[in-house]
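So the chains spell out like this:
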Amino acid sequence: MKSLFVEGNSAMHRLSARAKLLALATLGVMLFVSAKLLLLAMTVVVAATIYFSIGLPARSALARLKPIFLTILVVALFSLAFNPWHVAVVALLRLTALMLFAATVTATTTIAQFIDEITQLARPLESIGLVQADDVGLAVGLVVRFVPEILGRYQAISEAHAARGLKVRPTTVLVPLIILTLRDADNIAAAIDARGVRRHVNSRTR
């Protein structure tokens with residue numbers, strides 16, 4: 001499987017995974033508290049500066065952002081259709097800043113670090129019987145791990161359609177994409193069960 005993590009020695013790489021995740025959560029709250037355009041625009045500039053300083057080539061860095069930014073743009077245009085322009089610009093700036101910093105975190109944090117930190121954060125919930133922390137950490141790690149795979153498959157299916165002279169439409173691309181994703185999910189679940197991961201987790205919590 002591909003990974004969003006990029007080897008490097010930037011300040012963000014050296015920062016602990018916990019600090020980055022807490023900073024991301026704090027930024028998310030702060031962004032949705034403020035509606036000042038100047039402050040939000042400055043936040044976008046700072047987040048972009050941090051993102052483009054982690055060592056990714058400019059072309060690769062932009063390619064990672066393209067699918068998410070297109071989604072954000074659609075949301076902003078939809079907001080513009082039903083709200084004043086100020087509200088649409090605020091939504092665009094908020095989501096762009098959050099996207100840039102989230103992309104920075106995923107590019108400078110390994111899957112193992114994600115799983116460890118999410119598992120530790122879920123321990124208090126496990127102590128009161130709400131969740132199994134190891135399962136939560138594993139689930140989040142798999143989601144992060146699957147993102148580049150799904151994006152890569154979407155691009156491959158789209159290119160296959162274009163090569164056959166077929167118009168790329170969501171209805172024709174999503175069906176094979178969902179089937180391939182579900183098949184991989186079944187294979188991963190079977191591999192997890194074969195290695196006794198869940199049995200090991202359950203035995204530790206008894």
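Residues numbered from 1 in each chain as written. Predicted model: local features only at pLDDT ≥ 70, side-chain atom pairs only at ≥ 80, totals over all residues. Heavy atoms only, no water.

Draft legend 1. Summary view of the environment of Thr-26. Positionally, Thr-26 belongs in helix α2 (residues 17-31). A distance of 2.8 Å separates a polar side-chain atom of Thr-26 from the backbone oxygen of Leu-22. (Helix = DSSP H or I, 4+ residues; strand = E, 2+ residues; numbered from the N terminus. Polar contact = N/O pair within 3.5 Å; in protein donor to acceptor, adjacent residues only side chain to side chain.)

Draft legend 2. Spotlight on the packing of aromatic side chains. Applying the stated criterion to the full structure yields 2 aromatic pairs. Taking the centre distance of 5.1 Å and the plane angle of 75° together, the rings of Tyr-51 and Phe-52 count as edge-to-face. Here Phe-52 falls in the partly exposed class, since its relative accessible area comes to 38%. Ring geometry for Phe-78 and Phe-82: centres 4.9 Å apart, planes at 50°, overall tilted. Placement of both Phe-78 and Phe-82 in helix α4 (residues 58-82) is noted, with a separation of 4 residues, approximately one turn of the helix. A single burial state applies to Phe-78 and to Phe-82, both of which are exposed. (Phe/Tyr/Trp six-rings, centres within 6.5 Å; stacked < 30°, edge-to-face > 60°. Buried < 20%, exposed > 50% of the residue type's maximum accessible area, 1.4 Å probe, protein only.)

Draft legend 3. Structural detail: the nonpolar core. Core analysis: the largest hydrophobic core is formed by 26 residues, its most contacted members being Tyr-51, Ile-54, Leu-56, Leu-65 and Leu-100. Among the elements of the structure, α2, α3 (37-51), α4, α5 (85-107) and α6 (111-127) are those that each provide at least two residues to this core. With 9 residues, α5 is the largest single contributor of residues to this core. Excluding its chain neighbours within four sequence positions, the residues that come into contact with Ile-54 are Ser-10, Met-12, His-13, Thr-104, Ala-107 and Thr-108. (Core = buried A, V, L, I, M, F, W, Y, C linked by side-chain atoms within 4.5 Å. Contact = heavy atoms within 4.5 Å.)

Draft legend 4. Layout of a nonpolar patch on the surface. Together, Phe-69, Leu-70, Leu-73, Leu-77, Leu-80 and Trp-85 make up an exposed nonpolar region whose accessible area comes to about 590 Å². A total of 5 residues in the nonpolar patch trace back to one element, the largest contributor, which is α4. In this fold, Phe-69 is placed in helix α4. Overall, the relative accessible area of 34% leaves Phe-69 in the partly exposed class. (Patch = residues over 30% accessible without salt bridge, like charges linked within 9 Å, V, L, I, M, F, W, Y side chains within 5 Å. Areas by Shrake-Rupley, 256 points an atom, 1.4 Å probe, with all protein chains shown as cover. Salt bridge = Lys/Arg side-chain N within 4 Å of Asp/Glu carboxyl O.)

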